[in-house]
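So the chains spell out like this:
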Amino acid sequence: MSNPEKLIKAWRSGLVYLLLDGFDELAPRIATNSKKRAQDLRNSAISLVRRLIEETPSEGGILLVGRNNYFDTNQELHAALSLRDNWLLLELHDLDDEDLSRFISDHGWEGDLPDWVPKKPLLISYVKQNDLLLSGQDGQLAESFDPALGWNFLIDKICEREVGQVYIALEPKELRKIFGRMATLARKKTDRRGPLSFSDCRRAFVEVTGVEPEERSVTAILRLPGMSGSLAGLDSSDLERGSRFFVDTDLADALSAEDVLSAIQIPYEFDGQICDGVVHPLGDLGCRLAYEMLGQDANTLLTGALRFFSEKNTDTARNMSSDLLSIAFTNDATVQQEVLFSNLYVGSLRVDSDADFSNVTLDCCAIETLTIEVDNPNRLPVFQGCQVDTLMAPEYLFKLVTKSLGLHNSIDKKVCETVSTRRFVRMLVSIVCVRKALQRPFWT
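If you're wondering where the values come from, they're calculated on a predicted model, not measured in any experiment.

A. Focus on the overall build of the chain. When you go through the chain residue by residue, the secondary structure sums to 16 helices and 11 strands. For the chain, the residues scored as buried account for 49% of the 444 residues in total.

Below, the structure is given as structure tokens:
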């Protein structure tokens, strides 16, 4: 611009409408190791924006755009930016079913989005831009798509975008590990979603990188999509200012796979204190994502990690062993060597398909839900002295399984599952095998 002073003069005269986009991308101007709370950091970061707003004449107009999860509350937003009472606040919420239908139609797609696809506009835009769900036939949406693959892709895109927008001195993979550590810390809270204090977020950064976060890194932490300063229906008045919640539990579970994945890949170097105090098990999505990221050597790596942590008689090792067992059973992995687990708490185990768990022995373990669908009984794990809250088995094997398992294990509740005729015919042959296999002490 050849005469910028003319623009300034027009602005001072109230003849200019300002569009201020990305206030959440600004870095604070105070040292991040000064122990100042997150609200002070945000106030420092947006000081320039606040000054522009304060000095804009009332005759002029301002359109201010940024992420609503950057601030803890709308009250903090108004105070930090010195907004007048007559400002109009507009928020873009998650899309509902009607919005999604219109979105699909407007973009020439046919079919329905899978349930796993998040309803946040930003994440849906990634799906659209990369044709993630298209089957390749005239805009037809794929009937099925692995949620683990989808979330893995979306998390990569989130981290790439954050690094690019905020210009932080991190690689996207490093930022992903930081977010993963935050998700692990959330697993230690009473509520799986958090809250995470700002000190928790800083701790995650320091543990992963080994250094204190610089200003722009703090900005990236505070504006992570899928996190918020509050949750609907939850009183946050007593929370530390700057606390963050995972609004999307699927995002939290997918990110939680990061630390577990590191433990599988490098068990001898993994710091066990990372998972010390974890109270929430890794969910189905996290289990599938971790296994997917292991690649072709998944069974070998998982077996090695199972053996390593099963031999450690510590609460930390038992926490990790529970996650690793969940990964193995969720993905029907093949455990290649004999492994004995004692005194574990496991949320849910399902034994089905043709996976081979004959090398696994569970001794004096607590299992919330155990589901048995036996294709090949010789591949079942050994249970001895276990406490099972709920045992579920298909009707054609129900009496046989419950009687055998109940001999040397305690079962509180037994549930008979109905099966389709097709599956019944397919599995009928295995009943004879099951009776023969009962001679083998797999229920010990």
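B. Spotlight on the nonpolar core. Counting residues in hydrophobic clusters, the biggest one holds 95 residues, and the most contacted among them are M182, F246, L324, I327, L362 and L370. Tallying contributions element by element places helix α11 (residues 249-265) first for this core, with 9 residues. For L324, the contacting residues outside a window of four places in its chain are V260, I264, L302, A305, L306 and F309. If you look at the next biggest cluster of nonpolar residues, it comprises 18 residues, including V16, L18, I53 and Y70.

C. How the structure looks around the sheet that holds strand β5 (residues 339-342). Overall, parallel pairing links the 3 strands, which are arranged β5-β7-β9 in an open sheet. Looking along the sheet, the strands with just one partner apiece sit at the ends: β5 and β9 (382-384). Pairwise comparison of adjacent strand axes, ignoring direction, gives a mean angle of 15 degrees for this sheet. As judged from the 3 bridges shared by strand β7 (residues 360-363) and β9, these two strands associate in the parallel manner. Looking at the pairing, T361 lines up with V382 of β9.

D. Structural detail: unusual backbone geometry. Residue P195 is reached from G194 by a cis peptide bond, and omega for that bond is 15 degrees. On the secondary structure map, P195 appears in the loop between α8 (172-186) and α9 (198-209). In this structure, S82 takes a positive phi of about 55 degrees despite not being glycine. Judged by relative accessible area, which is 27%, S82 ranks as partly exposed. Of note, the phi angle at D332 is positive, near 50 degrees, even though the residue is not glycine. Relative to the helices and strands, D332 resides in the loop between α14 (315-330) and β5. The exposure class of D332 is partly exposed, given its relative accessible area of 26%.

E. Region of interest: the sheet that holds strand β6 (residues 345-351). Across the sheet, 4 strands lie side by side as β6-β8-β10-β11; this open sheet has parallel pairing. Of all the strands in the sheet, just β6 and β11 (410-417) have a single pairing partner and so form its edges. Within the sheet, the average angular offset between the axes of one strand and its neighbour, ignoring direction, is 10 degrees. Note that β6 and strand β8 (residues 366-372) share 6 bridges and pair parallel. When the bridges of β8 are listed, R350 appears paired with T371.

F. Focus on the environment of D248. Summarising the element assignment, D248 is placed in the loop between β4 (245-246) and α11. With 20 residues separating them along the chain, D248 and S228 place their C-alpha atoms 9.7 Å apart. For D248, the residues in contact, after removing those within four places along its chain, are P118, W151 and G226. Here D250 takes part through its backbone nitrogen, which lies 3.0 Å from a polar atom of the side chain of D248.

Here is what the cut-offs are and how they apply
- Residues numbered from 1 in each chain as written.
- Predicted model: local features only at pLDDT ≥ 70, side-chain atom pairs only at ≥ 80, totals over all residues.
- Heavy atoms only, no water.
- Helix = DSSP H or I, 4+ residues; strand = E, 2+ residues; numbered from the N terminus.
- Buried < 20%, exposed > 50% of the residue type's maximum accessible area, 1.4 Å probe, protein only.
- Core = buried A, V, L, I, M, F, W, Y, C linked by side-chain atoms within 4.5 Å.
- Contact = heavy atoms within 4.5 Å.
- Pairing = 2+ DSSP bridges.
- Axes fitted to C-alpha atoms, helices over the stretch in contact; angles between N-to-C directions.
- Polar contact = N/O pair within 3.5 Å; in protein donor to acceptor, adjacent residues only side chain to side chain.

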